[in-house]
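# Structural features, examined
Residues per chain, in single letters:
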Amino acid sequence: MTARTVLTVAGLTLREAARRKVLRALAVLTLALLALSAWGFAKLAGLESQAGALTSGEVRLVASQLLNLVMFGLSLIAALGTAFLAGPTLAGEVESGQALVLLARPVRRSAVLVGKWLGLVAFGSGYVVLAGLAQFLVVRVTVDYWPPQPVTGLALLAAQTAVLLTLGLLLATAVSPMASGVVAVGLFGATWIAGVVGGVGAALGNEGVARVGTVSRMLLPTDGLWRGAMHAFQDPSAVLAAGAEFAGFPFLSEAGLTPAYLAWSVLWVALVLGLAGTVFARRDV
Amino acid sequence: MTAGPDLAAARGLLAGLPPSPAVWCSGLRKRYGRRTAVDGVSFTVGRGEVVGLLGPNGAGKTSVIKMLLGLVRPDAGEVHLLGRPGRDPQARERVGYLPELFRYQPWLTAAEVLALHVRLSGAAVPAAEQRDRLGLVGLADRAGDRVGGFSKGMQQRLGLAVALVARPELVVLDEPTSALDPLGRADVRDVVLALREDGVAVLLNSHLIGEVERVCDRVVVLDRGRVAAAGTLGELLGRRELRLRLTGVGADAEARLAATGRLTRSGETWTVELPGAEDTAEDTADVPRLVADLVALGVRVHAVEPGRITLEERLLGILRGDRP
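Residues numbered from 1 in each chain as written. Chains lettered and ligands numbered in written order. Predicted model: local features only at pLDDT ≥ 70, side-chain atom pairs only at ≥ 80, totals over all residues.

- As annotated in an unreviewed UniProt entry, chain B carries the name ABC-2 type transport system ATP-binding protein and comes from Geodermatophilus tzadiensis.
- Listed under Sequence similarities (unreviewed entry) in UniProt, the entry text for chain B is "Belongs to the ABC transporter superfamily." (UniProt positions renumbered as here; feature names shortened; annotations may be inferred.)

Below, the structure is given as structure tokens:
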């Protein structure tokens, strides 16, 4: 019974995303980003520095930096999209009255919530994987660069999206749909900035400042997962080549993720989803 | 805890009992902040019974319905639906619900909304039967249209089909005709009467007293979160009356009238309260006998009009009488 509810609601959520023209809006945004990046990368191939033509190594370094930058744009689209989808899909349904008839069926509220979550994760992950692959192809064609760990990188990017939409769902069980989207995206941005601050702190050897990044990465794992994804996308020689002057640069990740951090991210999602389920189950609709 | 022989015996005893009521609730209480919305409400709806929930705005009718369906958590009290405790989602397996605030996924078609509810209810209802339900509420030719393009009235009709689609044994209708034209109201009345014929219990919350009076077996009147009165229409309405337009009424005739029941007079119109709650054969014989006696006493009878205290009058009496 519970599995049927979960799958039915997940399917419904996907159908909503498809029919409400969310897909179309995302496709237009993504195509614009891909076209712009293709243009930029094509120019990069023929770029000459002050010292003459760039060496192939330099091109690879710059390409891997730019790829990270563009992927950040994609992850931002995915994060904004799913966070603003997660809020209305739950809080909006309660507010409009759509939830009344649905929850009066013989369903557990936690099953409805998990179904929504599953549908949103499928949607967000599907988007990240498709758009990411398209971007890889663009880079491949223009500057002949292929990221070293494309699968790991895309999986981590999908995980980042899942983390943010889980937070969006938790917020949506408690506050209004618009507020939940705004808060989720705000926290996402704040964590990223804290990560950058932490990176600068680490570069300067200031432990206190570095800890800002570490703590924020524990509280909301989006930035940590993003750094892991970046590490999978960038050329392994980039960190070495960049040297000390690039330390703390926001689009350069010095290390991959530890298994412990991945485990923490999974646990974080489970905890937040469980909390959202508890809040939603106790709520009057 | 162990399931001892006592428990088994109790189960055997329970199995021998007649089917539990469609709705049983006891001592329901709900506060929103400092305001008490529902304060100790208890009532039952028997299997196949049509019960009307009446009361002024803010009496707590919708809150009670939401607590029955597990949408709102009561602060105190217990609910059983079709013999199962209300906390168990399975209790709602055979329950259909049309909320006062009806909204269905605008991006789905009418047929898809019904299919969704059939899946969630776990019932196996073939597509043809689902289409029949749409036909029953007058939406047969709109099955493939998106709900987003429906008018309010059509959405409420769809809501009625949703409430009926999973072969319910209990249907809860919260203001089911609020967006409907007179034709639609008549349709809903027919649907409720058809449900009663099929032995489906109905809990009907409606402002339209006439609607309730026509279809309900019993009425529960809520006022300020409490049950102000409850009973069959006969019990609640009780008194019948007779209005007569008479001339030439002498003292004997007046005494004959007064002997029948409480008498009031306004010009030529006399109103006599008749004894007896129901229209039994004996009661109906009272009227011709009275008229014959009056004629024999030389009274000229211009008009005889039997009347009944309407539910509206009774409801107003209950609610006003209740005020300090």
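On we go.
### Section: the interface of chain B and chain A
- On the chain A side, the residues contacting the 23 residues of chain B number 22 residues.
- Looking at the side of chain B that touches chain A element by element, the count peaks at 5 residues for helix α3 (residues 110-121) of chain B.
- Considering only residue class, the side of chain B that touches chain A consists of 13 nonpolar, 5 polar and 5 charged. (Contact = placed C-beta atoms within 7 Å. Helix = DSSP H or I, 4+ residues; strand = E, 2+ residues; numbered from the N terminus. Nonpolar A, V, L, I, M, F, W, Y, C, P; charged D, E, K, R; others polar.)

### Some words on the sheet that holds strand β1 (residues 23-32) of chain B
Residues and elements named next belong to chain B.
- As summarised here, the arrangement of the 4 strands in space is β2-β1-β4-β5, forming an open sheet in which the pairing is antiparallel. Either end of the sheet is taken by a strand with one partner, and the two such strands are β2 (35-45) and β5 (84-85).
- Two strands pair when backbone bridges link them, and β1 and β2 are joined in this way by 8 bridges, in the antiparallel orientation. Note on β2: the bridge partner recorded for Arg 29 is Asp 39.
- Where helix α2 (residues 61-68) meets the sheet, its contacts fall on β1, β2 and β4 (76-81), and the angle it forms with β1 comes to roughly 120°. (Pairing = 2+ DSSP bridges. Axes fitted to C-alpha atoms, helices over the stretch in contact; angles between N-to-C directions.)

### Overview of the pairing of β4 of chain B
Residues and elements named next belong to chain B.
- In the sheet, β1 pairs with β4 via 5 bridges, with the strands oriented antiparallel. Opposite Trp 24, over in β4, you have His 80 as the bridge partner.
- Pairing of β4 with β5, which is carried by 2 bridges, proceeds in the antiparallel orientation. In the strand pairing of β5, His 80 is matched with Pro 85.
- Hairpin connection between β4 and β5: a loop of 2 residues separates the two successive antiparallel strands, and Leu 82 in this loop has a positive phi of roughly 50°.

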